[in-house]
Every structure is written in structure tokens, then in C-alpha cells.
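Here are the chains, one letter per residue:
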Amino acid sequence: MPQTPMVDHPDHEAGRSPSATSPLLSVRGLKTYFKLDEGIVRAVDGVSFDLFAGRTLGIVGESGCGKSISARSILGIVDRPGKIEGGEIWLQQESEDSPAIDLLQLPHEGAEMRAIRGKEIALVFQEPMASFSHYYTIGNQIMEAILLHSTASDAAARARAIELLGMVGVPNPERRVDEYPFQLSGGLRQRVMMAMALACDPRILIADEPTTALDVTTQAQVLNLLQRIQKERGLSVILITHDMGVVAEMADDVVVMYLGRAVEKGPVDEIFHDPKHPYTQALLRSIPSIMAKPRTKLATIEGSIPHPFARPSGCPFHPRCPDAIKGLCDVTEPPTHALRPDRAVSCFLYGDAS
Amino acid sequence: MTLLEVKGLKKYFPIRKGLLRKVVGHVKAVDDVSFSVKRGETLALVGESGCGKTTVSRCIMRALDPSAGEVNFTLDGRTTDLATLDGKGLKPFRRHLQMVFQDPFSSLNPRMMVGDLIGEPLLINGMSDAAERRKRVRELLDVVQLPVEYMNRFPHAFSGGQRQRIGIARALALNPSLIVADEPVSALDVSVQAQIINLLLDLQDQLGLTYLFVAHDLSVVKHVSDRVAVMYVGQLVEIASTEDLFHRPKHPYTEALLSAVPKPDPRAKTERIILQREVADAANPPSGCAFHPRCAHATDLCKQQRPALVDLGQGHQVRCHHAHELDLKGVGSLA
């Protein structure tokens, strides 16, 4: 089992530092492949990370890096032909004395896994319109989750739905509970989505690009809401996003992914102020900044993200990497080098190989 | 020298109801918008979804017919109001106004090869000689930094960034004076987005292009534009040089917008201004200033009277009753 971080960086607000000795959720060597006629897509290829109680883990990366598939793998809801080919996903049980369980050992459609989905680990999707049913009121959809995981009566579930809507800041929850998703704006839909996810009081919330479809002022509202709920309930959050700004503001710990690999891990401050992996360094340099001088060019990363079928040999980043070592990076995949228990980088520039 | 002058532009969409589809009201998508763009500069049009920024750009391109107002376009010293022209009259102007679209996946015909895609505007505008066309396509591919071999491939073979380069080459084919770019980088990944932003900046320097850059991402806007116009519910609320607008905003909405942008630095402890409620409905805008229900500084005056766009000097215009009294925070004033 991985250890708790030894060094807690000073940027943390009180109450957000890890309290548990072991992670709440620990993903080890996760591999999720898509076997297609054209070949195998290694969407997630040996990814490991830890989520600690009460903290936010940001998973960042560009399209195709496997961040969403990692999240779906945790819940066992990877769409076919995707299949989890290996790894372990350890979930700490509610009572500290019980041993952690490996979610991958549970049958995907079994009762145990169904009890975990929604109740222990809830998911908020990017596109709220696509994740609601059009034919049921939002109240009905929230109640469904409550009734599935508890013995509450219909009336009690409805009261709880109204309470949840109020909690996530939906105005007039008594009236809104009977509305359909299409009657709501994007920001409200995302709030309802959050209410639905919180319906069964989960311990872990996975938010997959929760604000990507929203305008910037609405995004600010939703991020604020997420922070408030996390504080109130001591939720642990996995935040998946491509937006480095959102990660910087929300996350305590960060995993940077590229083509199915976790290339770098660490506390948020170190990822932004002392990035180790050439990809992280280049990515940070290429972000447009609101503080920039008008009309300044950006640093770029050569080339583009390879097609999933044409995955480069060796380190997946080597064709675009300014520091690539010929005869090494293009041949061998770099191992993950732990700089500290909470800090790791997959690159030959670090560790014994250098 | 002014290339484009938009004056009192309005676009109302009728709301129809009932069996006879009677007009019961209007969505005022664009309501009295005026600005001008100088030759060789970039004006960014920013705002949140539904604010009317795309409608403005479409009225300029005459993909939509404006309900009122002028779109004055100056070509070789002669100014023409595009808003008054019919299809035939517009034809000679079309080649001078080109568009770059947001979605590089749906804006290229999947059945056409890259060479034909870029050559199409040339063919339509009378370059009938195939060899001549191929030569121009080669030049254009070179300009957007794509290998010439790509000419005989189909769009599906390309990544988002490469497709956007093809879209840009297509827009450049006829040597336009004005390029309207509607969210040209928002569908791209960060690492690719930077390449396209740089390309747009380079092309402007090389070819003396003028851009109307429609975008919602303020960080991108900061990198590309000379001046910025902010829209809210169909109206311009503020227009200023990029430097002024970002560092010395005068409209509370601009201030809120700037503060809401997540900063890619965990040490930047900024106070996000959280706007209450939702964006006003353009079919039923609030009385007075459209922003007053969400504004922290709103007074009775704001509820009753619609503010006019006033000039505070140096081309900094703002639509706010209290622009003179308010002390608003820009991005520079962050600790």
C-alpha cells in the first residue's frame, strides 16, 4: 500500500491536509484497453495514483490522454469494446478497521459494485444535457438514486430531492423539482447533476470536466459550489479537466497524463512551480495567460498528439520532447521514478538512468 | 484607417406563437451595437454564450440580414454599406471578408481532398486553370505551415490543429482584407491552441490582415488582440484597448468576467467575483441597464434608465451610469 505524503506543502488551508494514514482510493497499475479491428488502443496504460480523504486530486491532460477512461474504470463503467486489462483499485472501507477492497475483483454488474456506484463513489459528467433522461423530471431522477440505495419512502425521497436542490443553489427548489432537464440553463443543469451525485452522500465525487461546457462566470459559480460542498461534507474529489487554471484553483494534488500514462504526480504547487517532466513544463509554458502582454506569442510544443493507433515506441512523448535522448527514450518506456512518496515522474532525465 | 465600421447594428429574431404563428415578441440578439476596426488591427468580441457576439459576426458577413444599422466596409478608399446590398451586390465583397470557424471537424467537407478544399474558393472566384490553382494551393499550404504532400489527403487524416490550418488556408485563398474568426482555437487542445494563435499572429504581420476575433476565452484574447469589445445581452458594455480593458476595466461586468478566469497558478489567491443569478433573457431583458439585477453597484437609476455608451477618453467606451465613480479591479491589480 502506498504511504501518506511525508511533506505537506505550506499552501494548504487548514483542514485540507491528509488526515488518514492510508489513501481513501488507491489506483495501481490500471490498464484499460480498447480492442478494435484496427488495433489495440491503450487508453490507460499502467496508471497509478492515490486519493486522500478530504482532498481534491486533479487529473489533467489533453484529449486522448485517458483521464476520463481512468475515472470510468474506477466505477467499472467503461463502454465496450473497452476492457480493464489489469491493475488494482483499492477502496478504503467506511470503518477504518475493515480491510480495503479491490474494486476490480468485484463483478462489474454485481450487487457489491452497484452498491458502491452512486453511494460510495458518485460521478458528475461534463455534458449535463446528455447525462439526464429527457423524459423524467429532475426530481424523479434524483429520487431514483435515493430510492435505489435506501429504504426511504417516496415522500421522504422527494423531500430529500428538494433539500438537495436547495443545497446546490437551485432557486425555488419546490417548483424546479418538477421541471424537465431541457427547461434548465446549462449552469442549473450542472447544479442538478451535482445534487444527483450527492443524493446518497458519497465519500468520493468524481467530476469529469464539470465546468467545460459552461461560461466563465457560471464556471466560477459551479467551482465555488463544489468547494463549499467539499468543505461541508469532507468529500474527496477527483477532478478531471484539461484546464490548467481550474486545476490550479481547485486541486491539492495533481496527476498529469499523456497518452494513457501518468507522466508526473505531485502537490499542486510543485506541479506548477517546479514541474519535472518535459511535457508538464511545455504544457505550462503554452497556456495563454490573462497576465500576458497583448500580442505576445506563446511557447509551443512541436507536432501534435499522436493518433491512438500510432502510439510512439518508448516514451510516448519522445517525438515532441526537446530533451529526448536518442537510443533511449525512443526505445524504452521510462519507469516511474519516485522523488518522494508524493512526488513522481516518468522520465529518464530523473533517477538512476540520468 | 478604418476598414470596418458597424453602426447601430440590430438583429431581432421574432418569437412566434399559436396556430397562425403570430409574432408575439422579439429576441433582441443584437441591440444597437457600434464599433469600428482599423486596417491591420485585431478587435476581439468577447462575452458569454447568448450575448450576441456570433450574431454580430454573422450580420457583418451577411450570413444574416441585420434588422437595422450599417455595416460600412472600406475597400480601395471607397466605403460601402454592406447591410443595404442584395445577394448580387454583395458578391464582389464576399472575397474580401472571410471566415475561420470554430469546429475544424464539421467545417471541412469530408469528401473533398485538402487541395480541392483550399482550391474551391479560387475556382468559384474564377481561377479556372487547374495548374494555376494547384500552384496557389501549394503557396497557401506553405503559408499555414503544412507539407504540400497533404494536398491529396482527406480531412479525416488530420488532427484538430492541422484541420484548423486547412480552414485558415481556405480563408486566406482569396487575399481577404478582413478575417472573421469565430472561436478559432476553442476546440483545440492547449498545446495545439498555442500553435494556431502564433500562426494567426504571424499571418497578420506577414499579410497585413485585419481580424475580428470572436471568443469567450479571455486569456486567448489577451494574446491576440489590440482592442477588446465586451458584449452582454445583445449590447456592447465596454470597448477599450486590450491593456486598458484588462488592467483598468470600467464596467462591473467586465470586472466580474476577468475575475472569473481561473489563473493557472495555485499561488494566485484571487478573489473571484461570483455573479448572482443567471444571464438575462434577450427576449425579455431587464429594465434599465441589462446587467443591473446581477450588479453589486446597481442603484435605482440603473433599474430605470438604460445607460448610454460614453467615451472616457482614448477610445475607452463604457455603458455604465457609474463608470466614473467605481473603482474596479483589473487583472494587473492582483497581488
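Residues numbered from 1 in each chain as written. Chains lettered and ligands numbered in written order. Predicted model: local features only at pLDDT ≥ 70, side-chain atom pairs only at ≥ 80, totals over all residues.

### Some points on the overall build of chain A
Along the backbone of chain A there are eleven helices and twelve strands. Computed over its C-alpha atoms, the radius of gyration of chain A comes to 21 Å, within 12% of the 20 Å expected for a compact globule of 354 residues. Overall, chain A is about 65 × 50 × 50 Å in size when its C-alpha atoms are taken along their principal axes. Out of the 354 residues in chain A, the part that is buried amounts to 51%. Within chain A, residue pairs in contact and separated by at least 24 positions form 62% of the contacts whose partners lie at least 6 positions apart. (Helix = DSSP H or I, 4+ residues; strand = E, 2+ residues; numbered from the N terminus. Rg over C-alpha atoms; globule rule 2.2 N^0.38 Å. Buried ≥ 20, exposed ≤ 12 C-beta atoms within 10 Å, placed from the backbone. Contact = placed C-beta atoms within 7 Å.)

### Here we look at helix α7 (residues 186-198) of chain A
All names here are of chain A. The terminal C-alpha atoms of α7, which comprises 13 residues, lie 19 Å apart, in line with the 18 Å expected from a rise of 1.5 Å per residue. Counting buried positions along α7 yields twelve of 13 residues, so the element is predominantly enclosed. Buried within α7 we find G187, L188, R189, Q190, R191, V192, M193, M194, A195, M196, A197 and L198. Contact partners of the buried residues in α7: β6 (121-124), α3 (128-131), α4 (138-149), α5 (154-167), β7 (204-208) and α8 (216-233). (Expected span 1.5 Å × (residues − 1).)

### Section: the domain arrangement of chain B
All names here are of chain B. As far as domains go, chain B holds domain 1 (2-104 + 176-318) and domain 2 (105-175). Secondary structure elements with two or more residues in the side of domain 1 that touches domain 2: β6 (97-100) and α6 (190-207). When residues of the side of domain 1 that touches domain 2 are assigned to their parent elements, the largest contribution, five residues, is made by α6. (Domains from an automatic or database assignment.)

### Focus: the pairing of strand β3 (residues 56-60) of chain A
Residues and elements named next belong to chain A. Most of β3 is tucked away: five of the five residues are buried. Every second residue of β3 is oriented toward a common face, with T56, G58 and V60 on one face and L57 and I59 on the other, all of them buried. Looking at chain direction, β3 and strand β8 (residues 236-241) are connected through five bridges and run parallel. Bridging from a neighbouring strand, T56 pairs with V237 of β8. Pairing of β3 with strand β9 (residues 253-258) involves four bridges; the strand directions are parallel. Each residue of the ladder has a partner; that of G58, found in β9, is V254. (Pairing = 2+ DSSP bridges.)

### Here we look at the pairing of strand β2 (residues 22-38) of chain B
The sheet contact formed by strand β1 (residues 2-17) of chain B and β2 of chain B spans 13 bridges and is antiparallel. The residue of β2 of chain B that forms the bridge with L9 of chain B is V33 of chain B.

### Some points on the confidence of the model for chain A
Scored by pLDDT, chain A comes out at a mean of 87, with 93% of its residues at no less than 70. Between residues 1-20 of chain A, whose pLDDT stays under 50, and residues either more than four places distant or in other chains, the model counts 34 contacts. (pLDDT = per-residue confidence, 0-100.)

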